[in-house]
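Understanding the architecture of this molecule
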Amino acid sequence: MNQSYYLPHTKLQSLLDAIIERGYRCVGPQTRGGTITYDDFSQVKELPWGYEDEQLPGQYTLKKTQKTGYFNWVNGPQAIKPELFKPKESLWNVTRDEEGKLSFQPAQLTPAPLCLFGVRPCDIAAMQIQDKVFITGTYRDERYAQRRENTLIIAANCITSSNNCFCVGAGGFPKAERGYDIALTEIEDGFTLEFGSEQGSDIIASLKLSEADGSQINYAKQRIQEAADKQTKTLPGTNLRDALMNNLDHPRWDAVAERCLSCGNCTQVCPTCFCHSEEDEPNVKGNHSEHVREWDSCFTQGHSYIHGKVIRSQTRQRYRQWLTHKLGTWHDQFGESGCVGCGRCVSWCPVGIDITEEATAICSDFINLENKENSHG
Amino acid sequence: MDDTYLPNEAKIIERIHEGPGIFTLRLQFTDPKINEAYTFAPGQFNMLYLHGVGEIAISIVSDPHSDEYYNHTIRVVGRVTRGFEQLECGDCIGIRGPYGRGWPLEKAKGKDVVVITGGLGCAPVVSVFNYIINRRSEFGTISLMQGVKHSSDLIFRERFQRLKDIPNIKIYVGADKSDMHWPWYKGRVLDLVPKMELNPDNTIAFMCGPEMMMKAAVEALAEHNIDETDLYLNMERNMHCAVGHCGHCQYGGQFICKDGPVFSYPEIKELFAKEGF
Ligand SMILES: Cc1cc2nc3c(=O)[nH]c(=O)nc-3n(C[C@H](O)[C@H](O)[C@H](O)COP(=O)(O)OP(=O)(O)OC[C@H]3O[C@@H](n4cnc5c(N)ncnc54)[C@H](O)[C@@H]3O)c2cc1C
Ligand code: SF4
Ligand code: SF4
Ligand code: FES
């Protein structure tokens, strides 16, 4: 086990300062419009001290409490995805000269070192999934890759779960295991800290912190365990590929389609969804054009449009595409599920559709049968 | 810098009118180094970019070993293709590619090849068909089967007539609806599959066209006991990136852009012809 250090609340600013001194732009959680949003900051007083969120299917409430602590809330509609996979960005631009010659220029690649501060374990897991999409596959997204290489991750392990959280059921845990430079766990009057990289270790060393004592370490561990134990939602398995693909005509698809508005909120808030469209934005003179990409959703008409027809014209087909991909065929593509159990799609669905309930309704019979066969096998 | 998404400039060397709303562009990269290094296989495609309008996926129809040009045959269906129609010789466009996995030609060598296409001029099979007839001796009997809705939909009508002179080739053309002078089969061309003489141990089939037609073709070929692993299908879905990033072309666990567009039947069987995927 990695060495644990103790950082009192009163010294959190010095951690932030040490990061900023090293040239990082810091982005961390702040309260905005009644939710938690990740945005630029440089002072710990900008963090959501004392805030708690309550999440239920289709409901999200953030409130200020008398409790001490920066990380008593769980998550907001977005965390770090927009910093790495931008909602909209130019990929390249092209200029046409008088003779009609085209000159293509890649969009600016000057990723300033970025510190993502207070990142939840599920969002780190989601980021690692997006790394597979944009970096480690056959083709590399240079801009995403460079941003990632210049990113310092300060994880904030969860000390509570919302009613919609199910990272444990999704195969994760409310403690970051990988993918961070420093991990914080908030205890009564400060944090325990662990480093996950040389960078992180350097920063911690520069703060001259004392080691966390046994009771602090135990309390941190206990709080994380409590967060895990608090989760009531779960998925019927961590690999639902076969269960879903063998149930493409399950009546539940029709039932959920009765409720689903095909609004795409679930895909917009999901930290692993990577669909995007590309489009041109020409100037008025017509001699220059920006080729931009923008987040898209499998719930739109255009997503499956092909010569005069929309392959997924019905909501049932769209919800089925989303769920079978996220929990099913994602395994074929990336060797794991596309769901980290953050619960956002449940909280931010305007009609409160709950992915865990849908997956359970569709998959349970298949799984029970499979288990029966195996035990008789 | 090697940027996955960045097109290279290419020039239109020739523009050939093929039929109403169908034309072929012969292209060359303006940078000779890129042009020389560029190689592709039949069944692969490029992303063609029209200045200020957008990028689309278009198959490469020329022979991979022919000359320093490569051809794209485009049918006008919407915004970007309509824009391409306006271009003339000497105009510049953007190209990136080639992308995807083409037809299994090494595997097809020495075998009888059945090529089945439906709908309006199916570019991916044009490339493979030309490839085979240019290397006639490397393959066994060739059966070309093309189905169209209406006889007037058959583009390259004279070309079909000329194909008859190629040794050891069987041509089947059918139109669901036909005019008086239609020299071919009147009806669904796949009705002719049961009458074909096919050697199940040495036949490979390449298909492209509407999925319902390919489904019927798969079933008809199964009757001839041709192994599923010898049936290859060209799939098509909305595409934006061609590199497995944008998510538009997903077909179950496959990205049609990078894992396809050509698939062996077992690879896509699970979802094939299922509505909504
Ligand atoms: C691998 C592959 C190879 C292809 N080869 C050829 C070819 O050789 N010749 C040819 O004429 N056409 C080919 N197509 C189809 C061609 O890509 C579409 O006709 C074209 O994208 C339509 O663009 P549009 O803007 O004119 O039409 P619109 O109807 O205005 O389409 C709007 C947008 O939707 C998407 N889209 C629409 N239809 C398709 C489609 N069929 N496939 C993929 N994206 C689509 C594109 O992003 C397009 O810009 C191929 C498609 C694929 C996937
Ligand atoms: S599917 Fe829902 S719960 Fe799973 S990662 Fe996406 S938003 Fe979170
Ligand atoms: S599941 Fe909910 S959030 Fe997702 S598209 Fe349907 S209504 Fe919108
Ligand atoms: S076209 Fe973008 S993922 Fe295939």
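Nothing here was measured: the structure is a model prediction, and the numbers come from that model.

Thresholds applied
Residues numbered from 1 in each chain as written. Chains lettered and ligands numbered in written order. Predicted model: local features only at pLDDT ≥ 70, side-chain atom pairs only at ≥ 80, totals over all residues. Heavy atoms only, no water. Helix = DSSP H or I, 4+ residues; strand = E, 2+ residues; numbered from the N terminus. Rg over C-alpha atoms; globule rule 2.2 N^0.38 Å. Buried < 20%, exposed > 50% of the residue type's maximum accessible area, 1.4 Å probe, protein only. Areas by Shrake-Rupley, 256 points an atom, 1.4 Å probe, with all protein chains shown as cover. Lys, Arg positive; Asp, Glu negative; His and termini not counted. Charge placed at Lys NZ, Arg CZ, Asp CG, Glu CD. Contact = heavy atoms within 4.5 Å. Near = heavy atom within 4 Å. Polar contact = N/O pair within 3.5 Å; in protein donor to acceptor, adjacent residues only side chain to side chain. Nonpolar A, V, L, I, M, F, W, Y, C, P; charged D, E, K, R; others polar. Core = buried A, V, L, I, M, F, W, Y, C linked by side-chain atoms within 4.5 Å. Pairing = 2+ DSSP bridges. Axes fitted to C-alpha atoms, helices over the stretch in contact; angles between N-to-C directions. Phe/Tyr/Trp six-rings, centres within 6.5 Å; stacked < 30°, edge-to-face > 60°. Lys NZ or Arg CZ within 6 Å of the ring centre and 35° of its normal. Domains from an automatic or database assignment. Buried area = accessible area lost by both parts, 1.4 Å probe. Salt bridge = Lys/Arg side-chain N within 4 Å of Asp/Glu carboxyl O.

We now examine the overall build of chain B. Check the secondary structure of chain B and you find 8 helices and 15 strands. Against the compact-globule benchmark of 19 Å for 277 residues, chain B has a radius of gyration of 19 Å, which places it among compact chains. When the backbone C-alpha atoms are referred to their principal axes, chain B occupies close to 55 × 45 × 35 Å. Burial analysis of chain B (277 residues in total) assigns 61% to the buried set. For chain B, the accessible surface area stands at approximately 11300 Å², while carbon and sulfur atoms represent 49% of it. If the 29 positive side-chain charges of chain B are averaged to one point and the 36 negative ones to another, these points end up 4 Å apart.

Bringing the overall build of chain A into the picture now. Scanning chain A from terminus to terminus reveals 12 helices and 16 strands. Computed over the C-alpha atoms, the radius of gyration of chain A is 22 Å, within 12% of the 21 Å expected from 2.2 N^0.38 for a compact globule of 377 residues. Across its three principal directions, the C-alpha atoms of chain A cover 70 × 65 × 40 Å. Looking at chain A as a whole, 56% of its 377 residues are labelled buried. Long-range contacts, defined here as pairs at least 24 residues apart, represent 71% of the contacts in chain A between residues at least 6 apart. Computing the positive centroid from 39 side-chain charges and the negative centroid from 49, chain A places the two 2 Å apart.

Moving on to the site of ligand 1. As a matter of local geometry, ligand 1 sits amid 22 residues, with Ala57(B), Thr73(B), Arg75(B), Thr81(B) and Glu236(B) nearest to it. Ligand 1 sits at the junction of chains A and B, each of which supplies nearby residues. In this structure, an oxygen atom belonging to ligand 1 sits 2.5 Å away from a side-chain N or O atom of Thr81(B). In this structure, a nitrogen atom belonging to ligand 1 sits 3.3 Å away from a main-chain N or O atom of Met239(B). Sorting the residues of the shell around ligand 1 by element identifies strand 15 (305-306) of chain A together with strand 4 (54-59), strand 5 (70-75) and helix 2 (79-85) of chain B as the ones contributing at least two each. No other element matches strand 4 of chain B, which puts 4 residues into the shell around ligand 1. When grouped by side-chain class, the residues that make up the shell around ligand 1 number 11 nonpolar, 7 polar and 4 charged.

This brings us to the site of ligand 2. Residues and elements named next belong to chain A. In the neighbourhood of ligand 2, 13 residues make up the surrounding shell, with Cys270, Cys339, Cys342, Gly343 and Cys345 lying closest. Counting residues per element, the ones that place at least two in the shell around ligand 2 are helix 10 (315-334) and helix 11 (344-347). Per-class residue counts for the shell around ligand 2 are 9 nonpolar, 2 polar and 2 charged.

As a further point, take the nonpolar core. Core analysis: the largest hydrophobic core is formed by 115 residues, its most contacted members being Leu15(A), Ile19(A), Phe117(A) and Met207(B). In terms of nonpolar packing, the next biggest core, distinct from the first, is built from 29 residues, Phe129(B), Leu144(B), Trp184(B) and Ile204(B) among them.

So, on to the environment of Leu50(B). Residues and elements named next belong to chain B. Along the chain, the position of leucine 50 falls in strand 3 (residues 45-50). In sequence terms leucine 50 and lysine 149 are 99 residues apart; their C-alpha atoms lie 31 Å from each other. Once residues within four sequence positions are removed from consideration, leucine 50 is found in contact with Val80, Gly83, Phe84 and Leu87.

Moving on, we get to the sheet that holds strand 6 (residues 88-96) of chain A. Residue and element names in this part refer to chain A. In spatial order, the strands read 7-6-14-13; together these 4 strands make up an open sheet with antiparallel pairing. Of all strands in the sheet, those bounded by a partner on one side alone are strand 7 (102-106) and strand 13 (276-282). Across the sheet, the mean angle separating the axes of adjacent strands is 25° when strand polarity is ignored.

So, on to the packing of aromatic side chains. All names here are of chain A. With the rule as written, the count across this model stands at 30 aromatic pairs over all chains. Ring plane angle 75° and centroid distance 5.4 Å describe the contact between tryptophan 92 and phenylalanine 104, whose orientation is recorded as edge-to-face. Residue tryptophan 92 is located in strand 6, and its partner phenylalanine 104 is located in strand 7; the two are separated by 12 residues in the primary sequence. Judged by its relative accessible area of 0%, tryptophan 92 falls in the buried class. Given a relative accessible area of 11%, phenylalanine 104 falls into the buried group. Taken together, the aromatic side chains of Trp49, Tyr70, Phe71, Trp73 and Phe191 make up a single cluster linked through ring pairs. The ring centre of tryptophan 73 lies 4.5 Å from the NZ or CZ of arginine 120, which sits over that ring.

This next bit is on the environment of Ser66(B). Along the chain, the position of Ser66(B) falls in the loop between strand 4 and strand 5. A relative accessible area of 42% means that Ser66(B) is categorised as partly exposed.

By a frequent convention, interface size equals the accessible area lost on bringing the separate parts together. Residues and elements named next belong to chain A. When the domains of chain A are assigned, the result is domain 1 (5-229) and domain 2 (241-376). Taking only C-alpha atoms into account, the centre of domain 1 sits 25 Å from that of domain 2. Domain 1 puts 41 residues into the contact, and the matching count from domain 2 is 40 residues. Regarding the contact of domain 1 and domain 2, the summed buried area is about 3600 Å², with carbon and sulfur atoms giving 56% of it. There are 5 salt bridges connecting domain 1 and domain 2. A salt bridge links aspartate 123 to arginine 344, with the nearest nitrogen and oxygen atoms 2.9 Å apart. For the pair domain 1 and domain 2, the interface holds 32 residue pairs in polar contact (both at pLDDT 80 or more). When contributions to the side of domain 1 that touches domain 2 are tallied by element, the ones reaching two or more residues are strand 4 (51-56), strand 5 (59-64), helix 2 (81-84), strand 6 and helix 3 (121-134). Here the side of domain 1 that touches domain 2 is composed, by residue class, of 21 nonpolar, 12 polar and 8 charged.

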